[in-house]
Amino acid sequence: MVACLSVIALCLSLSACASSGDLKSDMDRLSSGMQRLGASQERADCYAQAVGGRLGPRGREDAADIVDKSDDRDAMREGVLGAKRKVRSAFIAANMRCSLTR
């Protein structure tokens, strides 16, 4: 019985780790997705750093999913506006930061 509970706990912890975003992977997804949508590499990297730096693993993963699923900038904008408040705020802050400095 104890062994069975240990196995269940291990499986749950592994699935939680697998679902939480990896910092480098999420940042790469954000940057490459922004470039695919037309941003320069410098601006895409700025967005990735600004968005990723304001969010935890789940928020970074959500942000990267928004960019990945967007076919164009308008679709990304709609995804951002429909996102959770923290994710939306991170994109807004990144837009201000990266627009003024890039």
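Residues numbered from 1 in each chain as written. Predicted model: local features only at pLDDT ≥ 70, side-chain atom pairs only at ≥ 80, totals over all residues. Heavy atoms only, no water.

A few points about the pattern of salt bridges
Threshold: Note on definitions: salt bridges are taken to be side-chain nitrogens of Lys or Arg within 4 Å of carboxyl oxygens of Asp or Glu. Segments assigned H or I by DSSP are reported as helices when at least four residues long, segments assigned E as strands when at least two residues long, and all are numbered from the N terminus. Accessibility here uses a 1.4 Å probe with only protein chains present; expressed as a share of the type maximum, an area under 20% marks a residue as buried, one over 50% as exposed, and anything in between as partly exposed.
Under the criterion given, the structure shown has 8 salt bridges. A salt bridge links Asp26 to Arg60; its shortest N-O distance comes to 4.0 Å. Taken together, the residues Asp26 in helix α2 (residues 23-36) and Arg60 in helix α4 (residues 57-69) connect sequence positions 34 residues apart. Assigned by exposure class, Asp26 and Arg60 land together as buried. What emerges from the salt-bridge pattern is a single network uniting Asp26, Arg29, Arg60, Asp65 and Asp68.

Structural notes on the confidence of the model for the protein chain
We apply this condition: Residue-level confidence of the predictor is what pLDDT reports, using numbers from 0 through 100. Should any heavy atoms of two residues lie within 4.5 Å, those residues are counted as being in contact.
Of the residues in the protein chain, 77% have a pLDDT of 70 or more, and the chain-wide mean is 83. Here residues 2-19 is modelled with pLDDT under 50, and outside its nearest four sequence neighbours on either side it reaches 2 contacts, counting other chains as well.

Quick notes on the packing of α2 against helix α3 (residues 41-54)
Quick reminder of the rule: The axes used here are C-alpha line fits, helices contributing only the stretch in contact, and every angle between their N-to-C directions lies in the interval 0 to 180 degrees. Note that the term roughly parallel is reserved for angles under 35 degrees, roughly antiparallel for angles over 145, roughly perpendicular for angles of 65 to 115, and oblique for everything else. Take the far helix as your reference; a near helix turned counterclockwise from it by less than a right angle gives a left-handed crossing, and one turned clockwise gives a right-handed crossing. For this classification, the nonpolar set comprises Ala, Val, Leu, Ile, Met, Phe, Trp, Tyr, Cys and Pro, the charged set comprises Asp, Glu, Lys and Arg, and every other residue, Gly included, is treated as polar.
Their axes nearest at 8 Å, the elements α2 and α3 cross at an angle of 140°. Classed by the angle they form, the pair α2 and α3 counts as oblique. In the packing of α2 onto α3, the handedness of the crossing is right-handed. In this structure, α2 contributes Met27, Leu30, Ser31, Met34 and Gln35 to the contact, and α3 contributes Gln41, Ala44, Asp45, Tyr47, Ala48, Gln49, Val51 and Gly52. Split by residue class, the contact of α2 with α3 holds 7 nonpolar, 5 polar and 1 charged.

Points about the nonpolar core
Under the convention used in this document: Buried Ala, Val, Leu, Ile, Met, Phe, Trp, Tyr and Cys residues that are joined via side-chain atoms within 4.5 Å together make up what is termed a nonpolar core.
Ranked by size, the top nonpolar core spans 23 residues in total, and within it Leu30, Val51 and Phe91 carry the most contacts. Taken together, the elements giving at least two residues each to this core come down to α2, α3, α4, α5 (73-81) and α6 (85-101).

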